[in-house]
Number of protein chains: 2
Amino acid sequence: MTSTTQERQELVPVWFRTLRDDICAAFEELEDAFVGEHAGQLAEREPGRFVRKQWEREQEGETGDFGGGEMSLMRGRVFEKVGVNISTVKGEFSREFRAKMPGAEENPQFWASGISLVAHMHSPLVPAVHMNTRFIVTTKSWFGGGSDLNPMYPDDQDTADFHASFKAACDAHDPEYYPRFKEWCDEYFFIPHRNEARGVGGIFYDYLDSGDWDTDFAFTKDVGRAFLDIYPRLVRRHMERPWTDEQRRHQLFRRGRYAEFNLVYDRGTQFGLKTGGNVEAILMSLPPEAAWP
Amino acid sequence: MTSTTQERQELVPVWFRTLRDDICAAFEELEDAFVGEHAGQLAEREPGRFVRKQWEREQEGETGDFGGGEMSLMRGRVFEKVGVNISTVKGEFSREFRAKMPGAEENPQFWASGISLVAHMHSPLVPAVHMNTRFIVTTKSWFGGGSDLNPMYPDDQDTADFHASFKAACDAHDPEYYPRFKEWCDEYFFIPHRNEARGVGGIFYDYLDSGDWDTDFAFTKDVGRAFLDIYPRLVRRHMERPWTDEQRRHQLFRRGRYAEFNLVYDRGTQFGLKTGGNVEAILMSLPPEAAWP
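The structure displayed is predicted, hence computed values, not measured ones.

A.B. asks: Help me understand empty space enclosed by the protein in this model?
C.D. replies: Leftover empty space is mapped by rolling, across the atoms, a probe with the size of a water molecule. Under the criterion given, the structure shown has five cavities of 30 Å³ or more. The leading source of residues in the lining of the largest cavity is helix H6 (residues 245-264) of chain B, at four residues. A class-by-class count of the residues in the lining of the largest cavity yields five nonpolar, two polar and four charged. Here the second largest cavity defines a volume of roughly 70 Å³. Lining the second largest cavity we find His-120, Ala-128, Asn-150, Pro-151, Met-152, Arg-198, Arg-254, Arg-255 and Tyr-258 of chain A. Tallying contributions element by element places helix H6 (residues 245-264) of chain A first for the lining of the second largest cavity, with three residues. For the lining of the second largest cavity, the class distribution of residues is four nonpolar, two polar and three charged.

What follows is the structure in structure tokens.
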């Protein structure tokens with residue numbers, strides 16, 4: 001209840017690693033469970049397995065330990081491309097970012113740990129998804145994150161179930177969280193130049209510092225668990241359904257929009273590319289294939 | 001030799017329209033000339049033809065004539081997707097852009113006319129290309145533009161011929177143009193987060209106002225003519241060569257980089273999306289299909 005910043009910086013990465021392991025295991029189970037009798041040659045492939053790759057953060061013009069991360073990438077027969085990245089980095093914000101990050105103006109030192117996941121599926125009938133949670137320390141500290149669902153063909157039941165899962169995680173902590181974080185998600189994952197939403201929403205939260213660190217951490221854990229509970233269920237629900245070339249084509253166009261959002265607007269992408277993050281890890285979110293009409 | 005701004009604003013769009021017509025005719029000729037004996041089913045398709053679509057510019061919260069443009073889009077059997085856009089627009093720069101555009105700080109009124117072209121080819125052995133020239137009027141006025149070649153498999157002879165064509169156009173006007181505009185092109189079409197060039201270069205120029213409008217206009221015409229001379233020759237040189245699935249795959253990855261550049265860095269794209277330009281015309285530059293590893 002009275003952990004120090006140092007203790008928190010040990011606890012948080014352990015959780016992200018555990019969540020990463022659990023998610024990867026669940027996704028590999030889906031690869032094993034796939035029968036794919038309608039999906040043609042995909043079922044004949046071997047079930048996918050995650051491949052791990054570590055990286056170290058470099059800070060321009062300096063030597064020392066600036067942390068790093070571990071990417072887990074799987075190209076399977078259900079998951080066309082899924083990346084699950086964890087990282088724990090530290091260093092100094094550039095001048096440009098000091099004004100933008102809470103608590104960084106007086107002291108540019110930062111520490112950040114997080115998990116970030118994007119899944120692009122072979123089947124256009126299985127929704128793509130994004131999930132990310134993080135803990136950032138400057139002279140202040142806060143949690144942030146969220147998850148949003150990106151179906152190519154929105155399905156009311158899926159949308160309701162996805163939202164219900166995160167609503168339950170939110171409601172267990174504060175009845176005001178879900179309505180606020182749902183709205184924040186809708187505002188954030190919006191493509192202004194297309195005047196359309198990126199997907200069907202979920203939750204998005206940032207700068208979460210209620211004054212009770214343990215409960216904020218517990219909430220962030222529950223967001224991860226909610227994702228782990230609901231997304232594999234949605235995949236199982238649809239992964240055996242046959243799809244057409246026309247549906248696949250539609251999926252590629254929707255992925256084009258996804259790429260537009262990530263490259264033009266996404267704060268995490270901009271933040272990563274401009275703070276010397278690992279480019280391969282940051283752009284792991286980009287779709288394996290996309291198209292523009 | 002002593003044309004008024006009004007006369008210039010009549011002459012320039014006429015040239016861009018003429019150039020557009022000539023380029024479209026040359027590209028349709030390539031579609032007709034394609035035998036494609038090595039390219040499988042592509043030769044069985046009908047030769048592609050450009051489809052035209054007009055649009056009018058809107059200025060938020062205002063009514064009036066703010067100009068517009070005409071898109072020409074062809075999906076052919078040599079050209080997988082090629083857009084040739086002309087536009088002539090006018091209005092007021094937003095607050096954000098006034099500080100960035102020469103001569104706009106004292107008066108936000110602007111007028112701009114241009115031609116913009118991006119060609120993505122079916123064959124990974126035929127280079128993609130971009131060409132754009134424009135004339136912009138604020139309280140100042142200037143020409144800008146350029147062209148750069150984007151081969152999937154750079155070929156020394158193609159690169160040399162492409163550069164030679166623009167060098168000749170430059171040298172006819174000023175021996176300093178080519179070295180300066182070539183270097184500007186290399187600097188501009190660079191992807192910092194990948195630490196790599198987008199293509200093999202060409203020329204890029206901006207804010208061209210030598211004091212002699214007629215010669216600047218003549219130079220801009222020569223840039224267009226240089227493009228019209230060289231690019232169809234490069235297409236003919238390679239379009240009948242057979243290619244492999246692996247080469248196609250490589251092409252899709254290179255196109256992913258192309259999309260990254262356009263969405264994250266390209267000034268024209270940013271300018272267009274943030275000044276209420278026509279989204280469909282601006283993003284016509286995006287590849288028909290792309291992939292990320």
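A.B. asks: Sorry if this is basic, but what is going on with the layout of surface pockets here?
C.D. replies: All names here are of chain A. Counted as a void, the second largest pocket has a volume near 1200 Å³. Surrounding the second largest pocket, 49 residues form its lining, Arg-267, Gly-268, Thr-269, Phe-271 and Gly-272 being those nearest its centre. It is strand S4 (residues 109-121) that provides the largest number of residues to the lining of the second largest pocket, a total of eight residues. Among the residues making up the lining of the second largest pocket, the classes are represented as 21 nonpolar, 19 polar and nine charged.

A.B. asks: When you look at the relation of the copies chain B and chain A in this model, what are you seeing that I'm missing?
C.D. replies: Superposition of the two copies of the chain requires a rotation about an axis and a shift along the axis. If you rotate chain B by 180° and push it 0.0 Å along the axis, it lands on chain A with an RMSD of 0.0 Å. Taken together, the rotation and translation relating the two chain copies correspond to the operation of a two-fold axis. The fraction of interface residues of chain B whose copies in chain A are also interface residues reaches 100%, indicating that both copies meet through the same surface.

A.B. asks: Explain the pairing of strand S6 (residues 141-150) of chain A to me, please; I cannot follow it from the model alone.
C.D. replies: Both faces of the sheet carry side chains from a regular strand, because those side chains alternate between them. Residues and elements named next belong to chain A. Along S6, 10 of the 10 residues are buried, which leaves the element largely enclosed by surrounding structure. A two-sided burial pattern is seen for S6, the buried positions comprising Ser-141, Phe-143, Gly-145, Ser-147 and Leu-149 on one face and Trp-142, Gly-144, Gly-146, Asp-148 and Asn-150 on the other. Strand direction decides the pairing type here: strand S5 (residues 128-137) and S6, joined by 10 bridges, are antiparallel. Within S6, the position partnered with Ile-136 by the bridge is Trp-142. Hairpin connection, S5 to S6: the antiparallel pair is bridged by three residues. Note that S6 and strand S9 (residues 202-208) share five bridges and pair antiparallel. Note on S9: the bridge partner recorded for Gly-145 is Tyr-205.

A.B. asks: Is there a simple way to explain the sheet that holds strand S2 (residues 67-74) of chain A in this structure?
C.D. replies: In any sheet, the strands associate via hydrogen bonds between backbone groups, in a parallel or an antiparallel arrangement. All names here are of chain A. Overall, antiparallel pairing links the seven strands, which are arranged S1-S2-S3-S4-S5-S6-S9 in an open sheet. What marks the edges here is a single partner per strand, and that holds for strand S1 (51-56) and S9. For this sheet, the mean inter-axis angle between neighbouring strands, taken without regard to orientation, is 10°. Pairing between strand S3 (residues 79-92) and S4: 13 bridges, direction antiparallel. In the strand pairing of S4, Asn-85 is matched with Ser-116.

A.B. asks: Explanation requested: the interface of chain B and chain A in the structure shown.
C.D. replies: Many structure descriptions define interface size as the accessible area lost when the parts assemble. Listed by partner, the interface residues are 20 residues for chain B and 20 residues for chain A. Both faces considered, chain B and chain A share a buried interface measuring about 1800 Å² in area, 63% of it formed by carbon and sulfur atoms. When the buried area of chain B at its contact with chain A is split by residue, His-193, Leu-263 and Trp-292 of chain B rank highest and sum to 32% of it. Applying the counting rule to chain B against chain A returns two salt bridges. The partner of Arg-249 of chain B in a salt bridge is Glu-289 of chain A, with the nearest N and O atoms 3.6 Å apart. If you look at where chain B meets chain A, you find seven residue pairs in polar contact (both at pLDDT 80 or more). Secondary-structure elements contributing two or more residues to the side of chain B that touches chain A are H6 and strand S10 (289-291) of chain B. Of the residues forming the side of chain B that touches chain A, the biggest block, five residues, is contributed by H6 of chain B. Partitioning the side of chain B that touches chain A into residue classes produces 13 nonpolar, one polar and six charged.

A.B. asks: Got a minute to help me understand unusual backbone geometry in this structure?
C.D. replies: Trans peptide bonds make up most of the peptide bonds, and negative phi angles are found at most residues other than glycine. One non-glycine residue, Asn-195 of chain A, lies in positive phi territory at about 50°. Within the element layout of this structure, Asn-195 of chain A appears in the loop between strand S7 (190-191) and strand S8 (196-197). What makes Asn-195 of chain A exposed here is its relative accessible area of 62%. Its identity is not glycine, yet Tyr-207 of chain B carries a phi of approximately 55°, on the positive side. Examined against the element boundaries, Tyr-207 of chain B turns out to sit in strand S9 (residues 202-208). Of the residues examined, Tyr-207 of chain B reaches a relative accessible area of 38% and is grouped as partly exposed.

A.B. asks: I keep staring at the pattern of salt bridges and nothing clicks. Help me out?
C.D. replies: Once the charged atoms of two side chains with opposite charge are near each other, the side chains can pair. Counting across every chain of the model gives 52 salt bridges over all chains. Among the salt bridges present, the one from Asp-65 of chain B reaches Lys-90 of chain B, with a minimum N-O distance of 3.9 Å. Of this pair, Asp-65 of chain B sits in the loop between strand S1 (51-56) and strand S2 (67-74) while Lys-90 of chain B sits in strand S3 (residues 79-92), placing them 25 residues apart in sequence. The class of Lys-90 of chain B is partly exposed, set by a relative accessible area of 35%. A salt bridge links Asp-229 of chain B to Arg-233 of chain B; the shortest N-O distance between them is 3.0 Å. Here Asp-229 of chain B and its partner Arg-233 of chain B are both found in helix H5 (residues 213-238), four residues apart, which amounts to about one turn of the helix. The exposure class assigned to Arg-233 of chain B is partly exposed, which follows from its relative accessible area of 43%. A single salt-bridge network, built from bridges that share partners, covers Arg-17, Arg-20, Asp-21, Arg-52 and Glu-70 of chain A.

A.B. asks: What is the right way to look at the packing of helix H3 (residues 156-171) of chain B against helix H4 (residues 177-188) of chain B in this model?
C.D. replies: Angle between the axes and distance between the axes: these two values describe a pair of packed helices. All names here are of chain B. Closest axis-to-axis distance for the H3/H4 pair is 8 Å, and the angle between their directions is 130°. Judged by the angle between their axes, H3 and H4 are oblique. Considering only the axes of H3 and H4, their crossing is right-handed. When H3 is examined against H4, the residues His-163, Phe-166, Lys-167, Cys-170 and Asp-171 are found in contact with a partner set consisting of Tyr-177, Tyr-178, Phe-181 and Lys-182. For the contact of H3 with H4, the class distribution of residues is five nonpolar, one polar and three charged.

Criteria and thresholds
Residues numbered from 1 in each chain as written. Chains lettered and ligands numbered in written order. Predicted model: local features only at pLDDT ≥ 70, side-chain atom pairs only at ≥ 80, totals over all residues. Heavy atoms only, no water. 1 Å grid on protein atoms, 1.4 Å probe; cavity = no way out; pocket = protein on both sides within 12 Å on 5 of 7 lines; lining within 4 Å. Points joined across faces, edges and corners; volume = space filled by probe spheres on them. Helix = DSSP H or I, 4+ residues; strand = E, 2+ residues; numbered from the N terminus. Nonpolar A, V, L, I, M, F, W, Y, C, P; charged D, E, K, R; others polar. Least-squares fit on C-alpha atoms with pLDDT ≥ 70 in both. Contact = heavy atoms within 4.5 Å. Buried < 20%, exposed > 50% of the residue type's maximum accessible area, 1.4 Å probe, protein only. Pairing = 2+ DSSP bridges. Axes fitted to C-alpha atoms, helices over the stretch in contact; angles between N-to-C directions. Buried area = accessible area lost by both parts, 1.4 Å probe. Salt bridge = Lys/Arg side-chain N within 4 Å of Asp/Glu carboxyl O. Polar contact = N/O pair within 3.5 Å; in protein donor to acceptor, adjacent residues only side chain to side chain. Parallel < 35°, antiparallel > 145°, perpendicular 65-115°, else oblique. Left-handed = near helix turned anticlockwise from the far one by under 90°.

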